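# Examination of the molecular architecture
Each chain is listed here by its residues.
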Amino acid sequence: MSIEIPEPNGSLMLAWQVRNRHVLLVGGGAVALSRIELLLQADAKVTVVAPKIDPTIEQYEKLGLLYKVHRRKFLKDDLKMYEGEASRKLDQFSGVDHFGPEEMEQIEQAVKQEQFALVLTAIDDKNLSKQIYYWCKAGRMQVNIADKPKQCDFYFGSVVRQGSIQIMISSNGKSPRLCHKLKHDKLEPLLASLDAKTAVDNLGKMRGELRHRVAPGEDTPTIKERMAWNTQVTDLFTIEEWGQFDDTALNRLLSFYPKVPQRQDIIVVPLENF
Ligand SMILES: C[C@@]1(CC(=O)O)C2=NC(=C\c3[nH]c(c(CCC(=O)O)c3CC(=O)O)Cc3[nH]c(c(CC(=O)O)c3CCC(=O)O)/C=C3\N/C(=C\2)[C@@H](CCC(=O)O)[C@]3(C)CC(=O)O)/[C@H]1CCC(=O)O
Ligand SMILES: NC(=O)c1ccc[n+]([C@@H]2O[C@H](COP(=O)([O-])OP(=O)(O)OC[C@H]3O[C@@H](n4cnc5c(N)ncnc54)[C@H](O)[C@@H]3O)[C@@H](O)[C@H]2O)c1
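Basis of the calculations
Residues numbered from 1 in each chain as written. Chains lettered and ligands numbered in written order. Predicted model: local features only at pLDDT ≥ 70, side-chain atom pairs only at ≥ 80, totals over all residues. Heavy atoms only, no water. UniProt positions renumbered as here; feature names shortened; annotations may be inferred. Near = heavy atom within 4 Å. Polar contact = N/O pair within 3.5 Å; in protein donor to acceptor, adjacent residues only side chain to side chain. Areas by Shrake-Rupley, 256 points an atom, 1.4 Å probe, with all protein chains shown as cover. Helix = DSSP H or I, 4+ residues; strand = E, 2+ residues; numbered from the N terminus. Nonpolar A, V, L, I, M, F, W, Y, C, P; charged D, E, K, R; others polar. Domains from an automatic or database assignment.

Going by what an unreviewed UniProt entry lists, the protein is known as precorrin-2 dehydrogenase and is assigned to Komagataella phaffii. Here is the UniProt Pathway (unreviewed entry) comment for the protein, exactly as written: "Porphyrin-containing compound metabolism; siroheme biosynthesis; sirohydrochlorin from precorrin-2: step 1/1." Under the UniProt heading Catalytic activity (unreviewed entry), the note attached to the protein is "precorrin-2 + NAD(+) = sirohydrochlorin + NADH + 2 H(+)".

Structure below.
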């Protein structure tokens with residue numbers, strides 16, 4: 001049997017969930033601004049530390065979108081800004097053998113108040129950047145040093161977004177500007193020609209109804225049947241067609257479950273003839 005070996009030397013591309021988690025951003029210039037734009041899309045609680053703050057960042061601050069802005073130079077203790085009660089609570093839980101619902105809730109709350117999920121620097125001071133990197137590593141924090149790719153646990157990328165759809169391009173550090181060009185010249189026009197937002201919203205709605213109303217249950221046969229149906233029904237229509245369905249069409253699709261409908265059960269007249 002021949003197998004295809006995955007191509008090495010790339011990155012692990014993930015959709016990192018930082019909603020309601022603290023993120024520290026050291027620096028308040030042009031690069032910091034591009035970080036903030038990405039962090040706000042992910043609903044992170046952003047704390048900025050910098051003597052000089054870009055006017056757009058100030059606007060975000062005025063709109064209440066940033067957790068805190070400190071107009072001063074970075075201090076080593078900033079890395080522990082929100083540590084305390086929540087961190088001590090999490091330490092206590094690390095030895096527990098089995099969690100009940102109450103402990104799970106307490107952990108969820110403590111994680112949101114605990115130390116930084118990510119630390120980012122975007123400063124014009126390479127020596128300080130390096131120090132921050134090693135302080136973060138000693139404190140087991142994930143960090144991105146904008147001017148030092150070797151001292152990044154993760155890289156940022158060029159992101160194209162349409163509603164819930166996000167596409168990230170990475171050149172793995174070779175050419176950030178090429179990532180920008182690919183986004184601008186190719187992906188943005190492609191996405192602009194599609195209503196992927198409505199398509200994915202419709203599919204999300206249908207999937208939610210399927211899991212919570214039409215075919216609920218967490219036993220393996222139910223999950224397998226549900227997933228097989230969802231895969232086949234998703235593939236039955238084009239992205240453009242998914243972008244045109246309304247609630248009536250979605251409910252009609254769901255009414256077939258567990259049978260998989262045919263295209264003509266839903267689309268009587270070809271869409272191009274509408
Ligand atoms: C994608 C994007 C996301 C973002 O920053 O949000 C991003 N850089 C962007 C723009 C950009 N950055 C630079 C230029 C000038 C032209 C050029 O150099 O090409 C431009 C172009 C511009 O400004 O338009 C200079 C630069 N960048 C890095 C260094 C340090 C170094 O390489 O040593 C230097 C100074 C090099 C020097 O001293 O000469 C390092 C990194 N930049 C990355 C991401 C990561 C790798 C991404 C990848 O390639 O996979 C990585 C490794 C770390 C990180 O930042 O996470 C964003 C485009 C967003 C968009 O518009 O779509
Ligand atoms: N990764 C990337 O995408 C990328 C792109 C361009 C530039 N860079 C590099 O990122 C760095 C920042 O670039 P920029 O264009 O945002 O610079 P900038 O000059 O616009 O901003 C620098 C910021 O750092 C702050 N700062 C300086 N010393 C500080 C300290 N001790 N504590 C806290 N804040 C401090 C300043 O107040 C300012 O807000 C540069 O080193 C640059 O080479 C990275």
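Continuing now.
### With respect to the site of ligand 2
Surrounding ligand 2, one finds 19 residues, the nearest of these being Gly 28, Val 31, Lys 52, Phe 74 and Ala 146. Between ligand 2 and Gly 29, the relevant distance is 3.3 Å, taken from an oxygen atom to a main-chain nitrogen or oxygen of the residue. For ligand 2, the protein covers 67% of the area, taking 860 Å² as the surface of the free molecule. Ranked by the residues each element gives to the shell around ligand 2, the list is headed by helix 1 (residues 30–41), at 3 residues. Class assignment for the residues of the shell around ligand 2 results in 11 nonpolar, 3 polar and 5 charged.

### As for the site of ligand 1
Near ligand 1 lie 21 residues; those nearest to it are Arg 35, Ser 158, Ser 171, Arg 177 and His 180. Ser 34 has a polar side-chain atom sitting 3.4 Å from an oxygen atom of ligand 1. A distance of 2.5 Å separates an oxygen atom of ligand 1 from a polar atom in the side chain of Ser 158. Across the complex, the protein chains shield 63% of the 1,100 Å² of accessible surface that ligand 1 would expose by itself. When residues of the shell around ligand 1 are traced back to their parent elements, those giving at least two are helix 1 and helix 6 (176–192). The residue inventory of the shell around ligand 1, partitioned by class, reads 7 nonpolar, 10 polar and 4 charged. Looking at which domains feed residues into the shell around ligand 1, each of domain 1 (22–81 + 116–152) and domain 2 (158–183) gives three or more.

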